[in-house]
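Remarks on the overall topology
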Amino acid sequence: MRDHDHPLRFGIFPVPRADSVHEILQMARVADEAGFDLVGIQDHPYQRRFLDTWTLMAFVLSKTGRITVFSDVANLPLRPPRMMAKAAASLDLLSGGRFELGLGAGAFWDGIEAMGGRRLSPKQSVDALEQAIFELREFWKGDGKFDGPQPAHAIGIWLGAYKPRMLRITGALADGWIPSQAYLPPDQVPDAMKRIDDAAQAEGRDPGSIRRIYNLLSDEPPKAEQIADFVTGLGFDSFIFAPADAHELERIAHDVVPAAREEIARRRS
């Protein structure tokens, strides 16, 4: 697979538990100070132990000064596209351009229905996601009577995609792709990458314009050599870790990330 030579980015994935508010904010601040690039927060409104993702993202942005926050990934069946667009633009403006939008078609339909959402078939959910991409971008232009505000920067739409049609939509329409290693192991990545690249080329897009973010959410973060393989062998450019605590986060920042950057730079030279 092709390495598109994007700048490398690293991030964290704190679990948004309501009983861990102090720990979440501490990890976000440590990540910000340690030079990480991203904080990804999952969006499962039906999970009774979790904080509301959008409220938490706003709070994390207010407590940090440099790092970008993104939804990993936003639950479209419970977030109307235009309301989501307004919330995303507001976060981006308030943070000075530090928000990106990860978006998913939905899963866990019993929970979605319990929270007032409508149960959709796989086709209906993907249809809704494809339409939502157009609505989000149209809203951010700020041309319509009820559209706006415009965000501080061009917010990227990154899709959590695994199946063929979602991968085609990613290549045709999205700015980024966010699979998780638990659902898409490395041996399945080349086929998914090819589907994205083929769809991009079919639409006259440069496949290299699509960022590739890999959620590495296991208890043990990969070694530097493995991350380098994911970049130069598979084509990913960004990696999200799930450290257990701030101490583990600092170890990744001081040991894993610099070694990975060094090895990738060596391979790219």
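Residues numbered from 1 in each chain as written. Predicted model: local features only at pLDDT ≥ 70, side-chain atom pairs only at ≥ 80, totals over all residues. Heavy atoms only, no water.

**Quick word on the packing of aromatic side chains**
What counts is decided by this rule: Here a pair means two rings of Phe, Tyr or Trp (six-membered ring of Trp) with centres within 6.5 Å. Their orientation is stacked below 30 degrees between planes, edge-to-face above 60, and tilted elsewhere. Strands here are runs of E lasting at least two residues and helices are runs of H or I lasting at least four, both read from the DSSP assignment and numbered beginning at the N terminus. Accessibility here uses a 1.4 Å probe with only protein chains present; expressed as a share of the type maximum, an area under 20% marks a residue as buried, one over 50% as exposed, and anything in between as partly exposed.
This structure, assessed with the given rule, holds 11 aromatic pairs. A ring pair is formed by Phe10 and Phe241, whose centres lie 6.1 Å apart and whose planes are at 5°; its orientation type is stacked. Here Phe10, found in strand 1 (residues 9–12), pairs with Phe241, found in strand 9 (residues 238–241); they are 231 residues apart in sequence, far enough to count as distant. Like Phe10, the residue Phe241 is buried in the burial classification.

**Quick look at the confidence of the model for the protein chain**
Rules: Known as pLDDT, the predictor's confidence for each residue is given on a scale from 0 to 100.
Confidence in the prediction of the protein chain, expressed as mean pLDDT, is 97, and 100% of residues score 70 or more. By mean pLDDT, the top-scoring element of the protein chain is strand 6 (residues 157–159) (99), and the lowest-scoring one is helix 9 (residues 246–268) (96).

**What to know about the side chain of Arg212**
Going by this rule: Polar contacts here mean pairs of N or O atoms no more than 3.5 Å apart (in protein, one a potential hydrogen donor and the other a potential acceptor; neighbouring residues in sequence count only if both atoms are side-chain atoms). Two residues form a contact once any of their heavy atoms are found within 4.5 Å.
The topology assignment puts Arg212 in strand 8 (residues 211–216). At 2.8 Å, the side chain of Arg212 forms a polar contact with the side chain of Asp197. Each residue touching Arg212, except ones within four places of it in the same chain, is listed here: His4, Trp177, Met193, Ile196, Asp197, Pro207, Gly235, Phe236, Asp237 and Ser238.

**Considering helix 7 (residues 189–202)**
Defined as follows: Given the number of residues in a helix, its expected span is that number minus one, multiplied by 1.5 Å. By construction, the arc corresponds to the directions joining the helix axis to the C-beta atoms.
Helix length check: helix 7, at 14 residues, gives a terminal C-alpha distance of 20 Å against a target of 20 Å (1.5 Å per residue), a fit within 8%. Residues Val189, Ala192, Met193, Ile196, Asp197, Ala199 and Ala200 constitute the buried set of helix 7. All buried residues of helix 7 fall inside an arc of 160° around its axis, so they share one side. Set apart from the buried face of helix 7 by more than 90 degrees, the exposed residues are Gln201 and Ala202. For helix 7, the secondary structure elements touched by its buried residues are helix 6 (164–173), strand 7 (176–177), strand 8 and helix 8 (224–234). Two residues or fewer after helix 7 comes Gly204, characterised by a positive phi angle close to 75°.

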